[in-house]
Amino acid sequence: MNQVVSIATEGQIAIITIDNPPVNALSQAVRSGLLECVNEAVSDRNIHAIILICTGRTFIAGADISEFGQPPLEPFLPDVLETLDNCSKPIIAAMHGTALGGGLETALACRYRIALDSARIGLPEVTLGLIPGAGGTQRLPRIAGLASALDLITSGRHVAAKEALRMGVLDQITTQEDLLAAAMDFARQMLAAGDSRQRISATRLEDSSENRAILADWETRLRKKARGQESPLVALESIKNAVRLPFAEGLEKERELFMACMGSAQSRALRHIFFAERAAAKLPASIADAPADIHSAAIIGGGTMGRGIAMCFANINIPVKVIETDQDRLAQALEAIERTYRKMTVQGRINEDQQRRRMALVTGSCEHASLAQTDLVIEAAFENLEVKRSIFGSLDRHCKADAILATNTSYLDIEAIASAVSEPSRVLGMHFFSPAHIMKLLEVVRTPQTSAGAISTMMKLGKALGKRTVLVGNGFGFAANRMYSAYGREGQQILLEGVTPAHLDQAMKNWGMAMGPAAVLDMSGIDIGYNARQQNPHPPDDPCYFRPADLLAEHGYLGRKSGRGFYRYDPNTGQASEDLEIIELIRGDARRLGVDQRDLPEHDIQQRMIRAIATEGEAILAEGIAGKRSDLDVIWVNGYGFPRWRGGPMHYATEMGWL
Ligand code: 3HC
């Protein structure tokens, strides 16, 4: 017994309770306390069963990630769990919240498992570049079968209690609020009936042709999907051992593989981004945390962005009003939202009841006067300063004095927009990324006038919306688009040097980016960046600056929407192919500008592109537009398809010794 693990008895049952906020992670104190308490229960002759339960918001959410990368401290988790597995008295894990990683592995080492119906379980180690390292790859296949174990372990996904029950991971789920009482009932019934269950370590998985076929099928699928990430394939290797080796040997091999993963650059990167995302969500010490609750929202503009943002609110049960300039546009916007929800229902992402409830929260109006009681208004209108200033002037007249007024502009000067309002302290940017209801990133942009109340309200709301929220300062392109622009600029320079769009894109995809930069421009429309550059008050004095993109825009080659951009698009299939005329057009302009043509190897392209991001990142930090390097990593991983397992451009640049 120690400060974080305690033991009590009730009749023949011992209750071991872990109390290690915030998430009951398996720190050294928890591991040693657990071991002591189990030994105490075993040596007490009056005890016949043990319940393991946690206080606070969750059952054990995993090993203590903050201890990783340091010399491991005894007792080691696998040894503690071996004691649980070999325990002469049945242990019942009673779970609530999220039983994850080492937390679920602890439960798997217990003889029985029950959970609240609201609980979720999972082995998310692969998302940290690891594999389950305390028996998960050996025990879960034995308990839930090979297919379910492969699914959970190689994806890292969390599943709801009901699914876990179906998989055989849980013995019971309870809707009773008092989990301990449910566990006591379960224990008493089990004792009355007699504990006949075998220890997990004593069970076997057959090395059958059926199991071998399942493993081979997963291997093919994973190799296709991995795109550079190592840990899911390492996890598969370890799961194979559950079939081909005795339990103890499988466990030993699992430990070796786990330790190798722990030392890998990928795991370092993934652990970095885990903590970076949580650090980004925190307010800097200089801003008082005084968030208000948002009970209603409105979106000005029912275009693609406005619709997506409106859905973000309806998705978390906040009524939202879409404001359009006329009834036709409004009807189109509402119909488009309904269509998207219907599609999500057909795809099984939401059910019909959720579709109905969400749609009922979305209303519309053509009058700013209808916003008198709205807590938050987000403007998502045309990217033009005067249009936005006139909207904010009107909002100032019609909204209540404490309403927060936000703009979704991606690069315009928010102070200039705020100056149209009598109290600029309530104005800030909420920069969503398209499609807004799907993309995880949200930039909250403050001006020097924005109040602490408005900032803290938006940071809290960002989390509630399920976004990775980063606080940044006002400046052309803020942090995200400005860095992306530096990356794009380098890509454009590389095109001028004679590299083809397909070669550039393939190099970056091979590096791990979700899409290549030329394909991204074609998809989003080459005119978007072109128009933004026209509005840049301080364009760089460089004739090569985005020259290929501007050249294409001047010719009306705007990307996918015009059938031609950096690639040519088949009008029937949409299939992209190389366009030799476009390549020649760019090379011709490069000759005019005197840019030397050369053959760049893939590695050089990749290094130049990432270095360009990191250099701009450093400038952004120096100007105070962003607070920390790790915030910039969060932006890239969540906004631009940067490979998570590389930790973000600033982390990569730091590891390379560039910063
Ligand atoms: N170790 C250490 N700290 C942890 C932690 C962990 N496993 N999990 C969460 N925390 C910390 C967070 O850093 C955060 O700290 P902060 O307040 O100082 O920033 C705090 O707990 C709360 O976390 P969240 O802000 O993420 O809270 P949420 O309620 O949004 O989410 C959660 C809770 C779902 C448990 C989420 O934190 C999570 O997914 N945690 C990671 C779970 C995980 O990956 N477990 C596996 C670990 S690896 C392992 O177990 C190896 C084993 O196989 C040997």
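This structure is a prediction, so every number in the text was calculated from the model and none was measured. (Residues numbered from 1 in each chain as written. Predicted model: local features only at pLDDT ≥ 70, side-chain atom pairs only at ≥ 80, totals over all residues. Heavy atoms only, no water.)

Caption draft 1: Representation of the sheet that holds strand S5 (residues 98–100). The strand order across the open sheet formed by 3 strands is S5-S7-S8, and the pairing between neighbours is mixed. Across the chains shown, the open sheet's two edge strands, defined by having one partner strand only, are S5 and strand S8 (158–160). Across this sheet, the average inter-strand angle for adjacent strands is 20°, counted without regard to direction. (Pairing = 2+ DSSP bridges. Helix = DSSP H or I, 4+ residues; strand = E, 2+ residues; numbered from the N terminus. Axes fitted to C-alpha atoms, helices over the stretch in contact; angles between N-to-C directions.)

Caption draft 2: Molecular detail of a positive patch on the surface. On the surface, Arg57, Arg278, Lys282 and Lys463 cluster together into a positively charged patch. For Lys282, the location among the structural elements is in the loop between helix H11 (265–280) and strand S10 (297–300). Classification of Lys282 as exposed rests on a relative accessible area of 55%. (Patch = residues over 30% accessible without salt bridge, like charges linked within 9 Å, V, L, I, M, F, W, Y side chains within 5 Å. Areas by Shrake-Rupley, 256 points an atom, 1.4 Å probe, with all protein chains shown as cover. Salt bridge = Lys/Arg side-chain N within 4 Å of Asp/Glu carboxyl O. Lys, Arg positive; Asp, Glu negative; His and termini not counted. Charge placed at Lys NZ, Arg CZ, Asp CG, Glu CD. Buried < 20%, exposed > 50% of the residue type's maximum accessible area, 1.4 Å probe, protein only.)

Caption draft 3: Here's a closer look at unusual backbone geometry. A cis amide bond links Glu74 with the next residue in sequence, Pro75, at an omega value of -5°. The residue Pro75 is located in the loop between strand S3 (49–54) and helix H2 (77–85) in this model. Here the amide bond leading from Ser434 into Pro435 is cis, since omega sits at -5°, within 30 degrees of zero. Even without a glycine there, the phi angle at Asn317 is positive, about 70°. You will see that Phe478, though not glycine, has its phi angle at about 50°, which is positive.

Caption draft 4: Looking closely at helix H18 (residues 480–496). Look at H18: 24 Å from first C-alpha to last across 17 residues, which is about the 24 Å you get at 1.5 Å a residue. Across the 17 residues of H18, 13 count as buried, placing the element largely inside the fold. Of the residues trailing H18, Gly498 is marked for its positive phi of about 110°. (Expected span 1.5 Å × (residues − 1).)

Caption draft 5: Expanded view of the packing of helix H19 (residues 501–511) against helix H20 (residues 517–524). The interhelical angle for the contact between H19 and H20, taken along N-to-C directions, is 110°, at an axis separation of 7 Å. The pairing of H19 with H20 is recorded here as roughly perpendicular in orientation. Taking contact as the criterion, the partners of Pro501, Leu504, Asp505 and Met508 in H19 are, on H20, Pro517, Ala518 and Ala519. In the contact of H19 with H20, the residues fall into 6 nonpolar, no polar and 1 charged. (Parallel < 35°, antiparallel > 145°, perpendicular 65-115°, else oblique. Contact = heavy atoms within 4.5 Å. Nonpolar A, V, L, I, M, F, W, Y, C, P; charged D, E, K, R; others polar.)

Caption draft 6: Representation of the pairing of S10 within the structure. Judged by which residues are buried, S10 turns out to be covered on both faces: Ala297 and Ile299 on one side and Ala298 and Ile300 on the other are all buried. Where S10 meets strand S13 (residues 376–379), 4 bridges bridge the pair, whose relative direction is parallel. Bridging from a neighbouring strand, Ile300 pairs with Glu379 of S13. In terms of strand pairing, S10 meets strand S11 (residues 320–323) through 4 bridges, oriented parallel. Bridging across to S11, Ala297 finds its partner in Val320. Where the polypeptide runs from S10 across helix H12 (residues 304–315) and back to S11, its parallel neighbour, the crossover connection is right-handed. (Right-handed = clockwise from strand over helix to strand, strands pointing away.)

Caption draft 7: Structural context of the pattern of salt bridges. Across all of its chains, the model carries 43 salt bridges by this definition. Its salt-bridge partner being Arg489, residue Asp542 comes within 2.9 Å of it at the nearest N-O pair. Separated by 53 residues along the polypeptide, Asp542 in the loop between helix H21 (526–535) and helix H22 (547–554) and Arg489 in helix H18 bring together distant segments of the chain. The partly exposed category is assigned to Asp542, whose relative accessible area is 26%. Residues Arg608 and Glu497 are paired through a salt bridge, measuring 2.9 Å at the closest nitrogen-oxygen approach. Here Arg608, found in helix H24 (residues 602–622), pairs with Glu497, found in the loop between H18 and H19; they are 111 residues apart in sequence, far enough to count as distant. You can call Arg608 partly exposed: its relative accessible area is 21%. Residue class for Glu497 comes out buried when judged on its relative accessible area of 6%. Where salt bridges share partners, they join Glu219, Arg223, Glu237, Lys240 and Arg244 into one cluster.

Caption draft 8: Focus on the site of the ligand. Within the structure, the ligand sits among 26 residues, and Arg57, Glu105, Glu125, Arg278 and Lys282 are positioned closest to it. In the environment of the ligand, a nitrogen atom lies 2.9 Å from a nitrogen or oxygen atom belonging to the backbone of Ile65. Against a free-state accessible area of 980 Å², the protein chains account for coverage of 77% of the ligand. At 3 residues, the largest contribution of residues to the shell around the ligand is made by H11. The residue inventory of the shell around the ligand, partitioned by class, reads 14 nonpolar, 5 polar and 7 charged. (Near = heavy atom within 4 Å. Polar contact = N/O pair within 3.5 Å; in protein donor to acceptor, adjacent residues only side chain to side chain.)

Caption draft 9: The arrangement of the sheet that holds S13 in detail. With mixed pairing, 8 strands are arranged side by side in an open sheet as S12-S11-S10-S13-S14-S15-S16-S17. Only two strands of the sheet have a single neighbouring strand rather than two, namely strand S12 (362–365) and strand S17 (468–473). For this sheet, the mean angle separating the axes of adjacent strands, direction not counted, is 25°. Against the sheet, H12 engages S10, S11, S12, S13 and strand S15 (427–432), with an angle of about 175° to S10. Across the sheet, helix H13 (residues 327–346) lies against S11 and S12, angled at about 170° from S12, the strand it touches most.

Caption draft 10: Representation of the packing of aromatic side chains within the structure. Evaluation of the coordinates by the stated rule reveals 15 aromatic pairs. With centroids separated by 5.1 Å and ring planes inclined at 85°, the aromatic side chains of Phe274 and Phe275 adopt a geometry described as edge-to-face. You can call Phe274 partly exposed: its relative accessible area is 21%. For Phe275, a relative accessible area of 40% gives the class partly exposed. Relative to Tyr652, the ring of Trp511 lies with its centre 5.1 Å away and its plane at 85°, an arrangement referred to as edge-to-face. With a gap of 141 residues between them, Trp511 in helix H19 and Tyr652 in helix H26 (residues 649–655) connect regions that are remote in the sequence. Exposure remark for Tyr652: the relative accessible area of 13% places this residue in the buried category. Every member of this aromatic cluster is reached through a ring pair, and the members are Phe433, Tyr484, Tyr487, Trp511, Trp636, Tyr640, Phe642, Tyr652 and Trp658. Directly above the ring of Trp511 sits Arg646, whose terminal nitrogen or CZ lies 4.0 Å from the centroid. (Phe/Tyr/Trp six-rings, centres within 6.5 Å; stacked < 30°, edge-to-face > 60°. Lys NZ or Arg CZ within 6 Å of the ring centre and 35° of its normal.)

Caption draft 11: The arrangement of the pairing of S11 in detail. As paired elements, S11 and S12 share 4 bridges and run parallel to each other. The residue of S12 that forms the bridge with Val322 is Gly364.

Caption draft 12: Region of the structure containing the environment of Pro141. Within the fold, Pro141 resides in helix H4 (residues 136–144). Pro141 sits in the buried class, given a relative accessible area of 1%. It is 50 Å that separates the C-alpha atoms of Pro141 and Val377, two residues lying 236 residues apart in sequence. Once residues within four sequence positions are removed from consideration, Pro141 is found in contact with Gly136, Leu146, Ala149, Leu205, Ile239 and Ala242.

What is shown is where atoms sit, not what they do.
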